[in-house]
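# Architecture and fold: a report
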Amino acid sequence: LAEANGHLLEATRIAERDAQGNEGDRKAQGSLGVQWNKLGEAQAGAGDLERSAESHARALELFERIVKLFPDDSVSRRHRAISLGFLGRRLHEAGKPELALPVLERAAGAFESLLTADPGNVRFREDLAVTCNNLGDAHQQLGCLEEALRLYDRALAIRREAVTLAERDASARR
C-alpha cells in the first residue's frame, strides 16, 4: 500500500506539472483533480483520513474552477460532486459529522441537479444513492436516527428506480 501511495503521489505530481500554466485546459485540470481524488482514496485506505480530506479538498478546488469556466460540462460537474462526496465521507469517518453534513448535502444537491438534467442516467442515480447513504451515516453518528432512516430509504428507492430504468444493467441490479 505504501508503494502504491508513492506511485499515486508521483502521478499526481506529474499531473500537476502538466496542469501548471494551463488553467483553461479542462482536460489537464480535470486529470489533476481526478488524480487528487485517487490519491485521497488511497490515503483513506491507509488510514490517513486527514491527508485524504486535504487531497479531496484540493480536487474539489480544481473542479470548482473548471465548472466556473465550463458550467455546461456534466463530466466536470459530476467530478465536483464526487469530490464533495469523498470529502464529506472523510470528515464523517474522522468523527466530524457536523462538518460532513453540509458538504454531503452539497454533493447530494449537485447529483440531484445532474439527474434532473439527465433523468435516465443510471450512474447519476447511483452517485445520489451513495451520497444519501453517506448522509444517513452522518445523521446516525449525530443521533438523528429518523433522518438517517429517511435517507437510507431514499437511497433504496433511488436504487430501485435505477433497476427499473436499466433492467439489463448488472451494476444497477447489484
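Placed above this text is the structure.
Just so you know, these numbers come straight off a predicted model, no measurement behind them. (Residues numbered from 1 in each chain as written. Predicted model: local features only at pLDDT ≥ 70, side-chain atom pairs only at ≥ 80, totals over all residues. Heavy atoms only, no water.)

### Thoughts on the overall build of the chain
What counts, and what does not: Secondary structure elements follow DSSP: runs of H or I no shorter than four residues count as helices, runs of E no shorter than two count as strands, and numbering proceeds from the N terminus. Values of the radius of gyration come from C-alpha atoms, whereas the globule rule sets the reference at 2.2 Å times the count of residues to the power 0.38. Three labels apply to residues, based on accessible area from a 1.4 Å probe with only protein chains included: buried if under 20% of the type maximum, exposed if over 50%, partly exposed otherwise in between. Contact between two residues is taken to exist if any of their heavy atoms lie within 4.5 Å; hydrogens are not considered. To be clear on the numbers: accessible area is Shrake-Rupley with a 1.4 Å probe, and residue cover counts the displayed protein chains and nothing else.
Counting its secondary structure elements, the chain contains 8 helices and 0 strands. Its helices and strands taken in sequence order, the chain reads α-α-α-α-α-α-α-α from the N to the C terminus. For the chain, whose C-alpha radius of gyration is 17 Å, the value lies close to the compact-globule estimate of 16 Å for 174 residues. With the C-alpha coordinates aligned to their principal axes, the bounding extent of the chain is approximately 45 × 35 × 30 Å. Across the 174 residues in the chain, those meeting the buried criterion constitute 43%. Residue pairs in contact within the chain that sit at least 24 positions apart in sequence constitute 56% of those at least 6 positions apart. Here the chain displays about 9500 Å² of accessible surface, and carbon together with sulfur accounts for 51% of that area.

### Let's talk about the layout of surface pockets
Our working rule: Of the grid points, spaced at 1 Å and generated over the protein atoms alone, those admitting a 1.4 Å probe that cannot get out make up cavities, while open sets with protein on both sides within 12 Å along at least five of seven lines make up pockets; any residue with an atom within 4 Å of a point is treated as lining. Grid points are joined across faces, edges and corners, and a volume is the space filled by probe spheres set on the points.
Computed from the structure, the largest pocket encloses a volume of approximately 240 Å³. Lining the largest pocket are 14 residues, with Ile82, Phe86, Phe111, Asp127 and Val130 sitting closest to its centre. Looking at the lining of the largest pocket, the elements with two or more residues in it are α4 (74–93), α5 (97–117) and α6 (122–141). Looking at which element gives the most residues to the lining of the largest pocket, the answer is α4, with 6 residues.

### A closer look at the nonpolar core
Put simply, the rule is: In plain words, nonpolar cores are sets of buried Ala, Val, Leu, Ile, Met, Phe, Trp, Tyr and Cys residues tied together by side-chain atoms within 4.5 Å.
Counting residues in each nonpolar core, the largest one holds 26 residues, and the members touching the most others are Leu87, Phe111, Leu128 and Leu135. Elements that contribute at least two residues to this core include exactly α3 (49–69), α4, α5, α6 and α7 (145–165). Considering every element that reaches this core, the biggest residue donor is α5, with 10 residues. The residues touching Phe111, leaving out its near neighbours within four places in the chain, are Arg78, Ala81, Ile82, Asp127, Leu128 and Thr131. Formed by 8 residues, the second largest nonpolar core is a distinct cluster that contains Ala19, Ala28, Leu39 and Ala59.

### Some thoughts on α7
We apply this condition: By definition here, a helix of n residues has an expected span of 1.5 Å times n minus one. Note that the arc is defined by the directions from the helix axis to the C-beta atoms.
The first and last C-alpha atoms of α7 sit 30 Å apart over 21 residues, in line with the 30 Å expected at 1.5 Å per residue. All of the buried residues in α7 are Ala148, Leu151, Ala155, Ile158 and Ala162. Down the axis, α7 shows its buried residues gathered within 85° of arc, on one side only. In α7, the exposed positions that point more than 90 degrees away from the buried face belong to Leu145, Glu146, Arg160 and Thr164.

### Structural notes on the side chain of Asp127
Counting through the fold element by element, Asp127 comes out in helix α6. The residues contacting Asp127, other than those within four sequence positions of it, are Arg78 and Phe111.

### Quick notes on the packing of helix α1 (residues 2–19) against helix α2 (residues 26–45)
Using the following cut-off: Helix axes are fitted only over the stretch in contact, all axes being lines through C-alpha atoms; the angle between N-to-C directions runs from 0 to 180 degrees. Roughly parallel means an angle under 35 degrees; roughly antiparallel means over 145; roughly perpendicular covers 65 to 115; every other angle is labelled oblique. Left-handed describes a crossing in which the near helix is turned anticlockwise from the far one by less than a right angle; the clockwise case is right-handed.
Two numbers describe how α1 lies on α2: the axes approach to 9 Å, and their chain directions differ by 160°. Our classification of the angle between α1 and α2 gives roughly antiparallel. Of the two elements, α1 crosses α2, and the hand of that crossing is left-handed. Contacts between α1 and α2 pair Asn5, Leu8, Leu9, Ala11, Thr12, Arg13, Ala15, Glu16, Asp18 and Ala19 from the former with Ala28, Gln29, Leu32, Gln35, Trp36, Lys38, Leu39, Ala42 and Gln43 from the latter.

The values reported here are purely geometric and, on their own, carry no functional implication.
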